[in-house]
Amino acid sequence: MIGIGSDHGGYGLKLEVIKHLKERGFDVKDYGCDSEASCDYPIYGKAVAEAVANGECELGILICGTGIGMSMTANKVKGVRAALCSDCFSARATKEHNNANVLCMGARTIGPGLALMIVDEFVDTPFSNDERHIRRISMIE
Ligand code: RB5
């Protein structure tokens, strides 16, 4: 299961990401928000981060205007490694090296075409399982 959330700034892109992931056969759970009405990103960032931390979701995707508030929020939740990505290289590297479990994106900083490519890179790339990366991740915890 992939958990996804946004604030008003990320709502439109979130709908595109959900459609894309469902077309690819993924199960997706939307934790809100539910419209473009102004709302508070920490509510939805926390909900998705907690769903990943407690195992309800394998991965999370969070979208706000910049992705910054969502990444700050998600990284407060123990066990969550949230990565703000605006390029495909980073999305791949953060899975391989950091075993990131939440992807954050800014709907106002990247276009929808790039966002979907970033999502694909994130969901398709496995963790390297290299000893040095396991050691470094345990040092974060
Ligand atoms: C909302 O205007 C905006 O602050 C939010 O989407 C996000 O960019 C926060 O980090």
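Further up the page is the structure itself.
Residues numbered from 1 in each chain as written. Predicted model: local features only at pLDDT ≥ 70, side-chain atom pairs only at ≥ 80, totals over all residues. Heavy atoms only, no water.

**Student:** Help me out: how do you make sense of the packing of helix α1 (residues 11–23) against helix α5 (residues 112–124) in this one?
**Tutor:** Describing two packed helices takes the angle between their axes plus the distance from one axis to the other. Running from N to C, α1 and α5 point in directions that differ by 50°, and their axes come no closer than 10 Å. With respect to α5, the element α1 is oriented oblique. Between α1 and α5 lies a crossing whose hand is right-handed. Residue-level inspection shows Leu13, Glu16, Val17, His20 and Leu21 of α1 in contact with α5, the latter providing Pro112, Ala115, Leu116, Val119, Asp120 and Val123. Here the residues of the contact of α1 with α5 are counted per class, giving eight nonpolar, one polar and two charged. (Axes fitted to C-alpha atoms, helices over the stretch in contact; angles between N-to-C directions. Helix = DSSP H or I, 4+ residues; strand = E, 2+ residues; numbered from the N terminus. Parallel < 35°, antiparallel > 145°, perpendicular 65-115°, else oblique. Left-handed = near helix turned anticlockwise from the far one by under 90°. Contact = heavy atoms within 4.5 Å. Nonpolar A, V, L, I, M, F, W, Y, C, P; charged D, E, K, R; others polar.)

**Student:** Hey, could you run me through the nonpolar core in this one?
**Tutor:** A general feature of soluble globular proteins is that nonpolar side chains tend to end up buried together. Residues Val17, Leu21, Ile61, Leu103, Met105, Ile118 and Val119 are the most contacted members of the largest nonpolar core, which totals 24 residues. Within the residue set of this core, elements represented by two or more residues are β1 (2–6), α1, β3 (59–64), α4 (88–96), β5 (102–106) and α5. Per element, the largest residue contribution to this core is six residues, and it comes from α5. If we skip the residues at most four places from it in the chain, Leu103 touches Gly60, Ile61, Leu62, Ala83, Cys85, Ile118, Val119 and Phe122. (Core = buried A, V, L, I, M, F, W, Y, C linked by side-chain atoms within 4.5 Å. Buried < 20%, exposed > 50% of the residue type's maximum accessible area, 1.4 Å probe, protein only.)

**Student:** Where do I start with the pairing of β1 in this structure?
**Tutor:** Looking along a regular strand, one sees side chains alternate from face to face of the sheet. The buried count for β1 comes to five of five residues, which makes it a mostly enclosed element. With burial as the criterion, each face of β1 is covered, one bearing Ile2, Ile4 and Ser6 and the other bearing Gly3 and Gly5. Where β1 and strand β2 (residues 28–30) come together, three bridges link them in parallel fashion. Considered in β2, the bridge of Ile4 is made with Asp30. Assessed by its sense of winding, the connection that carries the chain from β1 through α1 to β2 is right-handed. Here β1 runs beside β3; their pairing, made up of five bridges, is parallel. (Pairing = 2+ DSSP bridges. Right-handed = clockwise from strand over helix to strand, strands pointing away.)

Don't take any of this as a statement about function, it's just geometry.
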